[in-house]
Structures are given as C-alpha cells and as structure tokens.
Amino acid sequence: MGRLLYAAAAAAMCVATAAPPAWAAQPRAAVLGDLDPGLRAAIVRAIGDSDRPIDNRFEARRRADGAAEDALAVLRSEGYYAAVVEPEVGEGDAPAPAVQIAPGPRFTLAAPKIEWVGAPPDVDTITGAEGALALKPGAPGRAADVVAAEGRAVAAVQKRGYADVKAQGREVVVDHADRTVQATYRLTAGSLSRLDGIKLTTNGRTRLDWLQHLAPWKTGELYDPNDVAQLERRLLDTGVYDSVTVGLAPDTQLTPDGLRPVVVSLAERKRRTVSLGASYGTNEGPGADVTWTTYDVLGRADTLSLFARESKLDSRVGVDLSLPHWRTPDQTLSTELAAYKLTTDAYDATGFGGHADAQRHFTKTSYLTLGVSFDLSRSEELKPGTLSSLGRDIATLGALAELALDRSNDPLNPTSGWRVSARVEPTLLAGKGTVPYLKLQSQGSIYWPFGADAKTVLALRAHLGSIVNGTVADIPAPQRFFAGGGGSVRGFAYQAVGPRLTDNTPQGGLSLAEGSVELRHQLTQKWGVVGFVDAGLIGDHSLPAAQDVGVGAGVGVRYNLGFGPIRVDVATPVSGRHGGAPVQVYVSIGQAF
C-alpha cells in the first residue's frame, strides 16, 4: 500500500509539472494597419482582452468579427467614416484573430443647423442656442461632439426661460463627396415660463413662509434652472433633511396669472438625536461629551442642542441654537449659553457666558462672522512678581469680526490650496477697574502636493496674535495667549510653551507666534504617515520677541474614515522645555491643520 501511495503521489507531481501555465489575458484580436497612436490605443481598449485561449477556427472568426465591429464603432465616433476594416484569422486549427484597418481620411464638421419645431423662441434665444452648439466648421467630425452640442443648445434655451424645451431628434448627414459631417438639430422650444412662489407638497415641521424667503427669484421672473438648483442646495446645506427634491410644476398647474410654482418635497431627518464623544491627550487626560439635539423646533430648519462635557481641563454644560439662512440666505445665526469650569496649570476659572454670531457664507468654508459676547467669571491665578493668589470677579463684554477664506480642496484632509483667516475682538473688562483692549489674530496655511496622485503633501501653517492695550497684569490669565498642545505646539503639554512665573506656573502673554511644517504621505487608500515640526513663542508685549522659542517634533499615523482621517501624533520637545513629560500623544479627527 505504501508503494502504491508513493507512486500515485509521484504521478500527480508529474502531471502538475507537465501542466501548461495558466492562460494570461490577451487582446481579443490584434490590430493591424498604419494608425495614429492615439486612435490605435482607443481601438485596442474597445476590443478588450480575453482570458480564454482559442480552441478552433470558429472561435477565432467570431472574435475577429466582434473586434471589427468594435473598431468600426470607434473609427466612426472619431470621424473616420470611410474606414475599411477587415476581420482576419491566421492559419492552423487555433489561429490568431486580427483586424486589418485602413482608417482613410478624417471627416470634418460642416456648419450645424437648428430647425425649430412649432413656434420658434425669441431672436436672442435663437442666437444663444446656435452659439451654444460650438461646433466649428473644419474641426474633426467626432460623434461625441455632435451629441454634446445638442445638450448645450437645450441648456441655453432653458437658461432663457423656456423650461419645456425638448430635442426632437437630430439628423446627421455624412457626405462622402466632400468628407463632411453636418448635424441638423430639431428643437421644440415651448412657451416662456415665469415663476411663482414655492409649493410644499410634503407635510412636516418646516413652515412654508420660511421656505418662500429662500427662493433666489422674484415672482414673475423668467425660469432659470440655476435658481431651482440653488434653492435645493440651500435646503440641503441646513443639514436637517434626509433628502430634498425641487422641481418646476407641470404647465398644467399654472396660476391664474400664468405663473408656474416650484414644487418642493422634503424628507425630514429624525427629530432628535443623541451623540457621544471621547478624547484623550497625554497631558489633558480623557474627556467625554454628550449632546442631545432636536431639529426644526421653530419650523425653519433650526437646530437646538443641549450639551455637556467633562474633562480635566474643560468641563461645561450649555445650550446652543443655530438658525440657518437667518434674515437672508447663506447667513447663519448661532447663539450659545454655557456654564463652565476650567482647571489649567496657569489658572482656574468658573463662569457663565454666551454669544450670538451671524456668519455670512461665501462658500461652504469661506465666511464673514460678526458677533457679540458676554461672560461673568471668577478666576483664580497667581499675580506676576509677588506670586500672591489673585482672585478676580470679571464681567467681559466683547465683539467679534472674523474673515476666513478657504481655497483648499478638502476641509478635513487638504492636499492642495490654501487657507487664511483674520480675527478682531474689541473687549471691555469690568471688575475692580475697567480695561478696554483689542485682541488680534491671523492664521494661514498652504498645501503643496507632489506627483499627479498627490500621495505626498507638504503643509505649512503660521499663526500670529497680539493684545493691544494693557499689561500682562491687567489682562486676566484666561484671556491671555498660551501655546502648547495638540492644536498648537505638539510635544509640549497644554500651555507649556512661553514665559513662566518663578514657581514654574505658565504665565501667558500679550503676543503669540506659531508655525508648523508637516510632510504627509499616503501609504495606502486607508493609511498614511506624517512627520512634523512645530514651533511657538509667547511674548510679554504686543509684539513677540524671538526668545524662549518652544520647538517640538514628532511623527504620526492617519487612518482614512472616508469623510476625513483620524490622527494619532506622538511628539517630543526639541527646545524650550520646562519640565513635563518627554513624550506627548494626541488623538483627534482631521488633519492638524
């Protein structure tokens, strides 16, 4: 039995050794003939590959015939209407299929025409439609260009108020005598459409009167498809609807004045949600958040949230209300009231405050913000010089103006472009005296990709700040500038960069300068790595001086969640260290800047 098993195994090995290798994918047919390289490549792609070998002449003939049909389709689409394509098969029982191609001359476009079926539109619309064809006589007679021209003409007519324009079929004449391609388009314009207000067809919490003020048109204006699309975008941008459908009512639903309503259908998201969050930093320790949110309480796509946060540094509870498209479209009013407790190395503070900000968006991530705020707080800090305990009861009134421009390609994971922002905060302190001051900040970042796929990106960031008027002793510690931590100078603990009191307590200052350099590289679709250097300094006066600069360096990993990366950074101080842990770890969502 043993010898039998050995013989069977040996025979199996011989069969396996003698078996031919797996068939590699090969072109379905060879392409023969004198062809332009680009045209040849397009024909080869259309013919495609086969992963099965040819067993007989019938199969070879079938593949050659199919390849000839594919090649002819490509040639005609590129304007070679006099091409000669011959399928061929070689000799033997399993011959190689091929197509022999003589492309002939390339036909060119003749002047296109539009024929109006029914009543033609006005002269300006006719001129606009003809110009939209954009088919230049003498250009290659490509089929794709002929087809695309029809869509452009229809869009041009719609843009001028003819909502029901339709293409009734085009006629394309290929003239072999003069080698031209002439297209005649047959369009039915219909009648002009003028817009009425909005007709809401779904029952829900959203009020119709609020919807009406979002319309980017006035009653009686000519229909423009861009206006309808803009209304849909404004509704989707609120974030309170699962889906939004916006369209023009059929011409059978005209008002007595001959106007056409715009029909809106809204699928509202679940009325209430609860979200939980967590964070961790080497110095900050763990943190937890909970937010209870309800949508559309006021019937105008509003968002009302109750939130609570517990952490070593920052604990608070509060409520905020967001009103999108407040008073005018693309402007959001955000209000918040919160009670808080801050426990840091530099100070402790408890208080209650609120703000109201109106943010006018130019794009999703570029905006102008104007706001006001108030704060009633009790801070405990050490007095510079004497180190005596200083408790302050402070009322703070502030105003805000901020301009942010974002020309990067992604808000959470930019690989190209730039961002800049400037922030001005006039502030009045009232306590044992009155101190007015002006807090100024500006920030910018730029992203340089390397290679066509942008797998490697060089990212730079700069952040400057200054407090004008007052001294370090005048400005309460919670309102001074500090540096260090995951969003500032990595490698240092929170507030660990900058001047210290004699007992090593962070002092803070009246000016700030920070900068970061990151080299980001994408390893796979999901994973990436980062090397970075951060630097920062805090000054005792309104302008920073190049002294006691804190520099940190480190590496990080990124895991792409689809909407943005989760980042884990590990960093250590290089210079300017004032004790503390030699290594800091930071975990958060999104790139550092």
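Residues numbered from 1 in each chain as written. Predicted model: local features only at pLDDT ≥ 70, side-chain atom pairs only at ≥ 80, totals over all residues. Heavy atoms only, no water.

Attention shifts here to the overall build of the chain. Helix and strand content of the chain: 7 helices and 28 strands. If one aligns the C-alpha atoms of the chain with their principal axes, the spans along those axes are about 100 × 100 × 55 Å. In the chain, buried positions account for 38% of the 593 residues. Intrachain contacts of the chain at a sequence separation of at least 6 include 56% that bridge at least 24 residues. When the accessible surface of the chain is split by element, carbon and sulfur atoms take 59% of a total near 30300 Å². (Helix = DSSP H or I, 4+ residues; strand = E, 2+ residues; numbered from the N terminus. Buried < 20%, exposed > 50% of the residue type's maximum accessible area, 1.4 Å probe, protein only. Contact = heavy atoms within 4.5 Å. Areas by Shrake-Rupley, 256 points an atom, 1.4 Å probe, with all protein chains shown as cover.)

So, on to helix α3 (residues 57-77). At 3.6 residues per turn, the α-helix brings residues three or four places apart onto the same side. End to end, α3 covers 30 Å across 21 residues, agreeing with the expected 30 Å (1.5 Å per residue, within 8%). All of the buried residues in α3 are Glu 59, Ala 60, Arg 63, Ala 64, Gly 66, Ala 67, Ala 68, Ala 71, Val 74 and Leu 75. Residue Asn 56 occupies the N-cap position of α3, its side-chain oxygen lying 3.2 Å from the main-chain nitrogen of Phe 58. Positive phi shows up at Gly 79, right after α3, with a value of about 95°. (Expected span 1.5 Å × (residues − 1). Polar contact = N/O pair within 3.5 Å; in protein donor to acceptor, adjacent residues only side chain to side chain.)

This brings us to the pairing of strand β24 (residues 511-522). Successive side chains on a regular strand alternate, one facing one side of the sheet and the next facing the other. Here strand β23 (residues 456-468) runs beside β24; their pairing, made up of 11 bridges, is antiparallel. Bridging from a neighbouring strand, Val 457 pairs with Arg 520 of β24. (Pairing = 2+ DSSP bridges.)

Our next topic: the packing of aromatic side chains. Under the defined criterion, the tally for this structure stands at 5 aromatic pairs. Above the plane of the ring of Phe 593 lies Arg 461, whose end atom (NZ or CZ) is 5.9 Å from the centre. The ring of Phe 532 has Arg 490 sitting right over it, with the charged end atom 3.8 Å from the ring centre. (Phe/Tyr/Trp six-rings, centres within 6.5 Å; stacked < 30°, edge-to-face > 60°. Lys NZ or Arg CZ within 6 Å of the ring centre and 35° of its normal.)

Read from one edge to the other, the open sheet built from 3 strands follows the order β10-β12-β11, with strand pairing classed as mixed. Edge strands, defined here as strands with exactly one partner in the open sheet, are β10 (194-200) and β11 (241-248). Going across the sheet, the axis of each strand differs from the next one's by a mean of 20°, ignoring polarity. Across 7 bridges, the pairing between β11 and strand β12 (residues 259-268) is antiparallel. Paired with Ser 243 across the bridge in β12 is Ala 267. (Axes fitted to C-alpha atoms, helices over the stretch in contact; angles between N-to-C directions.)

Here we take up the pattern of salt bridges. Throughout the structure, instances matching the rule amount to 33 salt bridges. Two residues, Arg 260 and Asp 164, come together in a salt bridge whose shortest N-O distance is 2.7 Å. Of this pair, Arg 260 sits in strand β12 while Asp 164 sits in the loop between α5 (143-159) and β8 (166-175), and the two are 96 residues apart along the sequence. With relative accessibility at 4%, the residue Arg 260 sits in the buried group. As a salt-bridge pair, Glu 268 and Arg 205 come within 3.7 Å of each other at their nearest N and O atoms. Of this pair, Glu 268 sits in strand β12 while Arg 205 is found in the loop between β10 and α6 (208-212), placing the two residues 63 residues apart along the sequence. Arg 205 sits in the partly exposed class, given a relative accessible area of 22%. Ionic contacts of the salt-bridge type, sharing partners, join the residues Arg 490, Glu 518, Arg 520, Asp 534, Arg 558, Arg 567 and Asp 569 into one network. (Salt bridge = Lys/Arg side-chain N within 4 Å of Asp/Glu carboxyl O.)

Right, let's talk about unusual backbone geometry for a bit. One non-glycine residue with positive phi stands out, namely Arg 327, at about 70°. Mapping Arg 327 onto the fold places it in the loop between β16 (314-323) and β17 (331-343). Classification of Arg 327 as exposed rests on a relative accessible area of 68%. For Asn 504, which is not glycine, the phi torsion reads 80° and is therefore positive. The residue Asn 504 is located in the loop between β23 and β24 in this model.

Let's shift gears to the nonpolar core. Side chains that are nonpolar tend, in soluble globular proteins, to be buried together. Ranked by size, the top nonpolar core spans 21 residues in total, and within it Leu 211, Leu 231, Leu 235, Tyr 241, Val 246 and Val 264 carry the most contacts. Counting only elements with at least two residues in this core, the list comes to β10, α6, α7 (225-237), β11 and β12. Formed by 20 residues, the second largest nonpolar core is a distinct cluster that contains Leu 133, Leu 135, Ala 153 and Tyr 185. (Core = buried A, V, L, I, M, F, W, Y, C linked by side-chain atoms within 4.5 Å.)

Our focus in this paragraph is helix α2 (residues 37-47). For α2, the set of buried residues is Leu 39, Ile 43 and Ile 47. The arc enclosing the buried residues of α2, seen along the axis, measures out at 70°, which places them on a common side. Those residues of α2 that are exposed and aimed more than 90 degrees away from the buried face are Pro 37 and Arg 45. Next to the buried residues of α2 lie β2 (30-32), β3 (49-50), α3 and β5 (97-102). The opening residue of α2 is Asp 36, an N-cap whose side-chain oxygen sits 2.9 Å from the backbone nitrogen of Gly 38. Following α2 by one or two positions, Gly 48 adopts a phi angle in the positive range, close to 80°. (Arc of directions from axis to C-beta.)

Within the secondary structure, Ala 102 sits in strand β5. Along the primary structure Ala 102 and Val 84 are separated by 18 residues, whereas in three dimensions their C-alpha atoms are 5.1 Å apart. The residues touching Ala 102, leaving out its near neighbours within four places in the chain, are Ala 83 and Val 84.

Further remarks concern the packing of α2 against α3. The geometry of α2 relative to α3 is characterised by a closest axis approach of 9 Å and an angle of 135° between their N-to-C directions. For the element pair α2 / α3, the angle class is oblique. Once α2 is placed against α3, the crossing between them reads as right-handed. Between α2, through Leu 39, Ala 42, Ile 43, Ala 46 and Ile 47, and α3, the contact on the second element is made entirely by Ala 67, Asp 70, Ala 71, Val 74 and Leu 75. (Parallel < 35°, antiparallel > 145°, perpendicular 65-115°, else oblique. Left-handed = near helix turned anticlockwise from the far one by under 90°.)

Pairing in this open sheet of 3 strands is mixed, and the strands run β2-β5-β4 from one edge to the other. Unpaired on one side and paired on the other, β2 and β4 (84-89) mark the two borders of the sheet. Between one strand axis and the next, the sheet turns through 25° on average, direction left out of account. Where β4 lies against β5, 6 bridges are found, and the strand directions are antiparallel. For Val 85, the partnering residue across the bridge sits in β5 and is Ile 101. Relative to the sheet, α2 contacts β2 and β5, its axis offset from that of β2 by approximately 150°.

Right, let's talk about the confidence of the model for the chain for a bit. Taken over all residues, the pLDDT of the chain has a mean of 90, while the share at 70 or more is 94%. Here residues 1-23 scores under 50 on pLDDT; set against residues more than four positions off or in separate chains, the count is 4 contacts. (pLDDT = per-residue confidence, 0-100.)

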